[in-house]
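# Reading the structure
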Amino acid sequence: MGRKDRLLWAAVCVSAVAVACTQAGAGGTLPSGASTTLPSSAPSSPKASPSPEGPRGFEHIEHVIFIVQENRSFDHYFGTFPGADGLPAKDGRFTVCVPDPLTGECARPYHLPETVNFGAPHSHDDAVADVDGGKMDGFLRQASQGGCGLSRDPIQCKGTLGPQGQPDVMGYHDAREIPNYWTWASTYMLQDRMFGPTDSWTLPSHLFLVSAWSASCTDPYDPMSCSSDLVQEDTVMRFRAGRHPATYAWTDITYLLDKHHVSWGYYPTDKLCNKPPPCKTFATISQNPLPGFTTVHQNRALDNIQEHGDFLRSLRDGTLPTISWLTPGSTGISEHPKQGNNPPLTRGMAYVTRMVNAVMRSPYWDSSAIFLTWDDWGGFYDHVVPPRVDENGYGLRVPGIVISPWVKAGTIDHQTLSFDAYLRFIEDLFLEGQRLDPKTDGRPDPRPTVREEVPILGDLRKEFDFTQEPLPPMPLRPRPPPGPASRPGG
C-alpha cells in the first residue's frame, strides 16, 4: 500500500464522521448512503506540470472533470448559504428588492419550494436589461414579457408566485430542494464569485467554455476572419434549415490539448449528434459546439465527442481522459427553466449525482478534481454586479462547486472567477502555462482579450491543499430527502 493509499485509508477510517458533522454544522444535509470504500490506484495518465511559481502538489490531480448544467443564478441556488456572498439581509429580512412593473411594488426574494420553475428570457439583451447599468433591477421587467411573469395566473402559476405576487425569478432554493448541491458545497468547496463568461445565453457560454471566445467567421479556414458574436443568430438559422449548425475557425482548447498529447473527452448527451442532419432538440447543439470547430475536424478528433454512457464506461475500463466535459443535452436533466413542460430541477440534480457518484466509486477518485457549474443565469435574480473585462462580459453570477479529495474542505472561495479560470487551470497543469493567446499559440485569431490573463481572474490552484488528509469519497442518493431550511442572512 503506497503513501497516498495509506493517507486515504486514514481519511476513510478517521475522518468520515467528522466530514458529516462538519457539513451538518455548516447548514447542509447529512449524506445518505455515504460510501467509505477505499479506491484502488488509478491507471496512469499525464502528470500535471504546474507553473514554477504555482503551489506544489498538483501531480495528485491527473483528471479534471467539468460538469455544466443550465440556467441558474448564484442567489437563486445559494443565496442563503451560510458564509457566502448571498442575498443581503438584516434581522431576518432581505434588504434588496426589484421593481415590479405589474404591481408597482418593489418585490423581494422569497423561498421557492416548487421545483418546476419558469425563469425569464436570458439573451444578451436580457442580460443587459437585468444588470441595468449596475442597478441589478431589470429582472421583473424582463420576466413580465410572457409566461407567469406576465399572466400571474394563480392556477397556471400555482406554487411559483411569491407573497407579493412576484414571479419565480425572485425565488430562491436551498437544501430543501437541492440537498445534494448544498451537501457538496458544505463538504467540499463553494465558489461564490463564479460569473458566466459572457452576458448571453447557452451557446455563447459553451463556446467560451472550450475556447474563451464566442465569434462568427466569414471563412471557416481563416481564424482571422472571425469577430465577436454573442447572439449566434447564424448558428440558429443553420440549425433550423437542417444544415450543420456552425463552423468556428478560431482556436479552441482542444487544439492545444492535442498539440501537447493530452487526452480529452467531451460528453454532451445520451443522444449524440455530430454530423448532419442536426438533432431534433437544439440543446444538443448549443451545449455541443466542438463539432463546429475547424480544429476538431482537422485533428480528426470527432471521436473524442461521445455520450454519457461512454464517460461511465471510461471510469469502469480505465480509459478516463485527462480532461472531460459533461453537459446534459436533454432539457429533461439540464435544469433549464420551464419552456413547454420541462421536468423538475431535481431530475437534473439526480443526473449530476449519478455522474459524481460514478467518479467517487471509481479508481479515479483520488486523482480527480470535479468542477460543477451552470452555463448562465436563466433570468433569475442575482444581486452582484458582474465585472466588465471586455466587450463580451463577464455575465451574471452562477453557482460553482468543486469536488475533490484535495480541495480545501468546507470552504468558500471568494476569488473572482469565470469559465476562463477553467481553461487557465488546464493550461497551468497540463500545457506548461500555454494560453489561448494569438501571439503565442501558433494559430493567430483576433480575439479581443486573452481571457486567462485578465488581472482580476482568480487562480483555481489556490483552492487545493495537498498537505491535508485527502477527503474520502461520499456518494449520495440521487433522489434524497429534503435538507434543512435556511434563513435570510445565513
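Residues numbered from 1 in each chain as written. Predicted model: local features only at pLDDT ≥ 70, side-chain atom pairs only at ≥ 80, totals over all residues. Heavy atoms only, no water.

The helix and strand tally for the protein stands at 14 helices and 17 strands. The buried share among the 490 residues of the protein stands at 62%. Looking at the protein alone, contacts between residues at least 24 apart form 82% of all its contacts between residues at least 6 apart. (Helix = DSSP H or I, 4+ residues; strand = E, 2+ residues; numbered from the N terminus. Buried < 20%, exposed > 50% of the residue type's maximum accessible area, 1.4 Å probe, protein only. Contact = heavy atoms within 4.5 Å.)

A separate point is the packing of helix H7 (residues 202–211) against helix H14 (residues 419–430). Contact geometry for H7 and H14: axes closest at 8 Å, N-to-C directions at 20 degrees. The angle between H7 and H14 places the two elements in the roughly parallel class. As for how H7 packs across H14, the hand of that crossing is right-handed. Across from Ser205, Phe208, Leu209, Val210 and Ser211 in H7, the residues of H14 making contact are Phe419, Asp420, Tyr422 and Leu423. Taken together, the residues that form the contact of H7 with H14 break down as six nonpolar, two polar and one charged. (Axes fitted to C-alpha atoms, helices over the stretch in contact; angles between N-to-C directions. Parallel < 35°, antiparallel > 145°, perpendicular 65-115°, else oblique. Left-handed = near helix turned anticlockwise from the far one by under 90°. Nonpolar A, V, L, I, M, F, W, Y, C, P; charged D, E, K, R; others polar.)

Time to look at unusual backbone geometry. A cis amide bond links glycine 393 with the next residue in sequence, tyrosine 394, at an omega value of 25 degrees. If you trace the backbone, tyrosine 394 turns up in the loop between strand E14 (368–374) and strand E15 (397–403). Its identity is not glycine, yet methionine 136 carries a phi of approximately 55 degrees, on the positive side. Turning to its location among the elements, methionine 136 is positioned in the loop between helix H3 (124–131) and helix H4 (139–143). Under the relative-accessibility criterion, methionine 136 is labelled buried at 4%.

Further remarks concern the pairing of strand E11 (residues 264–269). The element E11 is largely enclosed, with a buried count of six among its six residues. With four bridges connecting them, E11 and strand E13 (residues 323–326) associate as parallel partners. In the sheet register, tryptophan 264 faces E13, and the bridge partner there is isoleucine 323. Two strands pair when backbone bridges link them, and E11 and strand E12 (residues 305–307) are joined in this way by two bridges, in the parallel orientation. Bridged to tyrosine 266 within E12 is isoleucine 305. (Pairing = 2+ DSSP bridges.)

This brings us to the confidence of the model for the protein. Per-residue pLDDT for the protein averages 86, and the proportion of residues at 70 or more is 83%. In this model residues 1–54 is a low-confidence stretch, pLDDT under 50, and it forms 108 contacts with partners more than four residues away in sequence or in other chains. (pLDDT = per-residue confidence, 0-100.)

Evaluation of the coordinates by the stated rule reveals three disulfides. Shown here is the disulfide that connects cysteine 148 with cysteine 157, its sulfur atoms set 1.9 Å apart. A torsion of -105 degrees about the S-S bond marks the disulfide between cysteine 148 and cysteine 157 as left-handed. Side by side, cysteine 148 and cysteine 157 carry an identical accessibility label, which is buried. Within the protein, bonded cysteines paired by disulfides and numbered along the sequence follow the pattern 1-2, 3-4, 5-6. (Disulfide = S-S within 2.5 Å.)

Of note, glycine 348 is situated in helix H13 (residues 345–360). Given a relative accessible area of 1%, glycine 348 falls into the buried group. Once you skip the residues sitting within four places of it in the chain, glycine 348 turns out to touch Gln69, Tyr181, Gly332, Ile333 and Glu335.

Let's shift gears to the pattern of salt bridges. When charged atoms on two side chains of opposite charge get close, those side chains can pair. Scanning the entire structure with this criterion turns up 18 salt bridges. Across the salt bridge formed by arginine 435 and aspartate 428, the nearest N and O atoms sit 2.9 Å from each other. For arginine 435, a relative accessible area of 10% gives the class buried. Classification of aspartate 428 as buried rests on a relative accessible area of 1%. The partner of aspartate 428 in a salt bridge is arginine 461, with the nearest N and O atoms 3.5 Å apart. (Salt bridge = Lys/Arg side-chain N within 4 Å of Asp/Glu carboxyl O.)

Below, the discussion takes up the packing of aromatic side chains. Here the structure, examined in full by the defined rule, presents 32 aromatic pairs. Here the aromatic rings of phenylalanine 58 and phenylalanine 464 are separated by 5.8 Å at their centres, their planes lie at 70 degrees, and the arrangement is edge-to-face. Linking phenylalanine 58 in the loop between helix H1 (3–25) and strand E1 (63–69) with phenylalanine 464 in the segment after H14, this pair joins segments that are 406 residues apart in sequence. Judged by its relative accessible area of 0%, phenylalanine 58 is buried. Given a relative accessible area of 6%, phenylalanine 464 falls into the buried group. On the numbers, 5.6 Å between centres and 65 degrees between planes, the contact of tryptophan 213 with tryptophan 250 is edge-to-face. (Phe/Tyr/Trp six-rings, centres within 6.5 Å; stacked < 30°, edge-to-face > 60°.)

This brings us to the side chain of glutamate 177. The topology assignment puts glutamate 177 in the loop between strand E7 (171–172) and helix H6 (179–187). At 4.6 Å, arginine 176 is the nearest oppositely charged side chain to glutamate 177, a buried residue that forms no salt bridge. Sequence-distant contacts of glutamate 177, that is, excluding residues within four places in its chain, are made with His111, Leu112, Pro113, Thr115, Leu345, Thr346 and Met349. (Lys, Arg positive; Asp, Glu negative; His and termini not counted.)

In this model H14 runs 17 Å from its N-terminal to its C-terminal C-alpha over 12 residues, within 8% of the 16 Å that 1.5 Å per residue would give. Within H14, 12 of the 12 residues are buried, which leaves it mostly tucked inside the rest of the structure. Within H14, the full set of buried residues consists of Phe419, Asp420, Ala421, Tyr422, Leu423, Arg424, Phe425, Ile426, Glu427, Asp428, Leu429 and Phe430. Where H14 ends, the next residue or the one after it, glutamate 432, has phi of about 55 degrees, a positive value. (Expected span 1.5 Å × (residues − 1).)

This part takes up the nonpolar core. Within the largest apolar cluster, 102 residues are counted, with the highest numbers of intra-cluster contacts made by Phe78, Tyr181, Trp184, Ile323, Trp325, Phe371 and Phe464. Counting residues per element, this core draws most heavily on H13, which supplies nine residues. Setting aside chain neighbours within four positions, we find tyrosine 181 in contact with Tyr77, Phe78, Glu335, Gly348, Met349, Val352, Leu372, Trp374 and Ile401. Counting residues in each nonpolar core, the second largest holds 21 residues, with Val98, Ala120, Tyr172 and Trp377 among its members. (Core = buried A, V, L, I, M, F, W, Y, C linked by side-chain atoms within 4.5 Å.)

Residue placement: serine 324 occurs in strand E13. If sequence neighbours within four positions are ignored, serine 324 has contacts with Val64, Ile65, Phe66, Gly265, Tyr267 and Phe311.

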